[in-house]
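Architecture at a glance
Spelled out, the chains give:
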Amino acid sequence: MSDVQVPVLIVGGGGAGLTSSMLLSRLGVDSLLVSAYPTTSVLPKAHVLNQRTMEIFREVGVADAVYDRGTPPENMQATGWYTGLTGPHDGYGRELGRLEVWGAGYTDPDYVAASSCRTTNLPQIRLEPILRAHAESLAGAEKIRFNHEFVSLEQDSDGVNARILNKDTGEHYTVHAQYVLGCDGGRAVGKQLGVQMEGTRDVMRMVSVHMTADLSQWARDPEVLIRWLVNPDFGGSFSGILVPMGPDHWGPASEEWVFHMQYAVDDAAALDRTKVLDRMRATLGLPDCEPEVHNISQWIMEALVADKFRVGRVFLVGDAAHRHPPTGGLGLNSAVHDAHNLAWKIAAVLTGAAGETLLDTYESERKPVDAYNAQRAMENALNHFTIDQAIGLSPDLTSEENWALLRPMWTDMPGSAEKRHALNTAIGSQTMEFRHHHVEFGYAYPDGAIVSDGTPEPEPLDAIRLYEPSTRAGHPLPHAFVEREGDRLSLAELAGNGKFLLIAGEDGQAWCEAAAKLAHERDIPLDAIRVGVLTGDYIDIRCAWLKNRAIGPHGAVLVRPDRFVGWRSLGAGDDPYTDLQRVFDQLLTPTP
């Protein structure tokens, strides 16, 4: 097979790799994606797609297809804890409590105010084919090569030579690239470069059964997305976790399901198919259930982060750079956000608009966020045991003893009120996972490709649960609907797509003129607009921008191509053109 010369080689065809391909294509950067696997994922894997991820998918043109295939919002409003699914007495299947999840099907006012995109749910087994088809439509089918395995690489100051095996023909060929994105889950690229994964290992073994089964008779509550089966026969919260997988119906009518179970890391029963299915049936309370089993997978719960995200011309993206427990849905989303952070920087360097040091900000910005997300995901997982502690459940107690501890939850007995409130409090603490709006959407970059205005970072009201919009440098662009000529769109739709956006106040024409001059002289992709309530290029129709912009009528906010604020001026500048010259010098060629 012929050798290939391309600006960017992407190794890995999962969420990180396919998103990178789509973003680079939209930015006009030619890339080649290779995946060692013959197809996209055959496992359901990650499934929650948060608001920022859906904004990125909207940018590349795939959001509508994902929404069409994903869980309807009315079927992903809550998570619930139940005493198993069913069983031989009336204690089984009782609801212990519930909690809204990730915007409650886009009804939580904070989530509605944060973005015009809602959170959705679509397992990777169905998401990745959509992403692959779209990546092929953007890059060309010949640039997305599955069953082509990365073998090795060598790099120098001029580029990277990567050896690739075409597994269909047995032929090897070489890809000459300026940059390589390791999106292979850490299987090959990072290891070859000596990258070490650091963090918490071997917390527990999880076994996941992907099956087709009709559970509609017992899995009631169509608004509940994830069911935690706190079955006293098996201890507590990780007795079993039941998640619908669609594909054509959702809620109780879902045709497919995934059932997760916890085992000790060294428990041999986790590797025994018969024992796993027997335990699943017992936990569900359905001894005669004979599902069509598509796959049984085992995985170790861990929270790991690479010691380096960049090695020369090679960048690690997604699971190659960080691996999370699934609790909170942070893994796949973080991978998509990694790709979004990196793609515009590579494009800027390749076009000559930015210096090479801009690429160093990928690690300085993303590594702290990804490390925190991994930590949060692990804490989310362990926090589920507070449910058991509130009730008193233990795998060391007999089934009868555990049931006795549960009965006060639905039977008036001495101490019942106190115990119910303790359980209510424990369930409320799970908002750290199911309403972590600041973690998943409102995170900021304190250092990197930003220029501070010197204002202090405010103390957050709740650094996990509450997203507080801000236009300080490093923060995501606050959402606001604006109108022009009667057409309404969000500010997020005006930003991104490879361009910087300067948003001036209604009297900030001097900033817009300076931006236009600078864009022309330095060939920087930069748009400039004025937004105001009564006047401007766009009208702040709901005053949402006015509420959060912090700048005055003569001020300006500069938004990066990834829709994070790069800089702002609270008021008029002494010399807007010189000010913007300085800002772009610092943004595009940061000092190491």
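Quick note: structure is the one above.
Because the structure is a prediction, the values reported are computed rather than measured.

Helix and strand counts for the protein come out as 18 helices and 25 strands. Dimensions of the protein along its principal axes, counting C-alpha atoms only, are 75 × 65 × 40 Å. A total of 592 residues make up the protein; the buried ones form 59% of that total. Sequence separation of 24 or more characterises 72% of the internal contacts of the protein that already satisfy a separation of 6 or more. Accessible surface computed for the protein: about 22,600 Å², of which carbon and sulfur atoms make up 50%. Here the protein contributes 51 positively and 79 negatively charged side chains, and the mean placements of these two sets differ by 0 Å.

Core analysis: the largest hydrophobic core is formed by 129 residues, its most contacted members being Leu 9, Phe 57, Leu 181 and Leu 502. If you tally residues by element for this core, the top one is helix 8 (residues 331–350), at eleven residues. When near neighbours in sequence (up to four residues on either side) are disregarded, Leu 9 contacts Leu 32, Val 34, Ala 162, Ile 164, Val 175, Ala 177, Tyr 179, Val 180 and Leu 181.

According to the stated counting rule, one finds seven cavities of 30 Å³ or more in the structure shown. What the largest cavity holds in volume is close to 70 Å³. Contributing to the lining of the largest cavity are Arg 52, Glu 55, Ala 114, Ser 115, Ser 116, Phe 441, Pro 476, Leu 477, Pro 478, His 479, Ala 492 and Arg 563. Residues that form the lining of the largest cavity fall into these classes: six nonpolar, three polar and three charged.

Inspection of the entire model under this criterion finds zero disulfides. Take Cys 512: it sits in no disulfide, and the sulfur closest to it among the cysteines is that of Cys 543, at 20 Å.

All right, on to the environment of Asp 158 then. Residue position: Asp 158 is located in the loop between strand 8 (148–156) and strand 9 (159–166). When near neighbours in sequence (up to four residues on either side) are disregarded, Asp 158 contacts Gln 178 and Arg 313.

Attention now goes to the sheet that holds strand 12 (residues 224–229). Spatially, the eight strands line up as an open sheet ordered 5-4-12-13-14-11-15-18, and their pairing is mixed. In the strand order of this sheet, the two ends are held by strand 5 (95–100) and strand 18 (322–323), each with one partner. Looking at chain direction, strand 13 (residues 240–246) and strand 14 (residues 256–263) are connected through five bridges and run antiparallel. Looking at strand 14, one finds that Gly 246 is bridged to Glu 256.

Look at helix 2 (residues 51–60) against helix 8: their axes get within 9 Å of each other, and the N-to-C directions meet at 50°. As judged from the angle between their axes, helix 2 and helix 8 are oblique. Crossing geometry of helix 2 relative to helix 8 is assigned as left-handed. Mapping the contact onto sequence places Arg 52, Thr 53, Ile 56, Phe 57 and Glu 59 in helix 2 and Asn 333, Val 336, His 337 and His 340 in helix 8. Of the residues contributing to the contact of helix 2 with helix 8, the split by class is three nonpolar, four polar and two charged.

Axis separation between helix 1 (residues 15–26) and helix 5 (residues 124–139) bottoms out at 9 Å; the angle between their running directions is 25°. Considering their axes alone, helix 1 and helix 5 lie roughly parallel with respect to each other. For the crossing formed where helix 1 meets helix 5, the hand is left-handed. Here Gly 15, Leu 18, Thr 19, Ser 21, Met 22, Ser 25 and Arg 26 of helix 1 come into contact with helix 5, specifically with Gln 124, Glu 128, Leu 131, Arg 132, His 134, Ala 135, Leu 138 and Ala 139. Class assignment of the residues belonging to the contact of helix 1 with helix 5 gives a composition of six nonpolar, six polar and three charged.

Within this structure, the stated rule accounts for 15 aromatic pairs. Each ring, one from Phe 315 and one from Tyr 362, has its centre 6.1 Å from the other, and the planes form 75°; the classification is edge-to-face. With Phe 315 in strand 17 (residues 314–316) and Tyr 362 in helix 9 (residues 360–383), the pair connects residues that are 47 residues apart, well separated along the chain. The exposure class assigned to Phe 315 is buried, which follows from its relative accessible area of 0%. Counting every residue linked through ring pairs, the aromatic cluster contains Trp 81, Trp 102, Trp 228 and Phe 434. Stacked on the ring of Phe 441, the Lys or Arg Arg 52 has its end atom at 4.0 Å from the ring centre. For the cation-ring pair, Lys 517 lies above Tyr 577, with the distance from its terminal atom to the ring centre recorded as 4.3 Å.

Reading guide: rules and limits
Residues numbered from 1 in each chain as written. Predicted model: local features only at pLDDT ≥ 70, side-chain atom pairs only at ≥ 80, totals over all residues. Heavy atoms only, no water. Helix = DSSP H or I, 4+ residues; strand = E, 2+ residues; numbered from the N terminus. Buried < 20%, exposed > 50% of the residue type's maximum accessible area, 1.4 Å probe, protein only. Contact = heavy atoms within 4.5 Å. Areas by Shrake-Rupley, 256 points an atom, 1.4 Å probe, with all protein chains shown as cover. Lys, Arg positive; Asp, Glu negative; His and termini not counted. Charge placed at Lys NZ, Arg CZ, Asp CG, Glu CD. Core = buried A, V, L, I, M, F, W, Y, C linked by side-chain atoms within 4.5 Å. 1 Å grid on protein atoms, 1.4 Å probe; cavity = no way out; pocket = protein on both sides within 12 Å on 5 of 7 lines; lining within 4 Å. Points joined across faces, edges and corners; volume = space filled by probe spheres on them. Nonpolar A, V, L, I, M, F, W, Y, C, P; charged D, E, K, R; others polar. Disulfide = S-S within 2.5 Å. Pairing = 2+ DSSP bridges. Axes fitted to C-alpha atoms, helices over the stretch in contact; angles between N-to-C directions. Parallel < 35°, antiparallel > 145°, perpendicular 65-115°, else oblique. Left-handed = near helix turned anticlockwise from the far one by under 90°. Phe/Tyr/Trp six-rings, centres within 6.5 Å; stacked < 30°, edge-to-face > 60°. Lys NZ or Arg CZ within 6 Å of the ring centre and 35° of its normal.

Shape descriptors only; they carry no functional weight alone.
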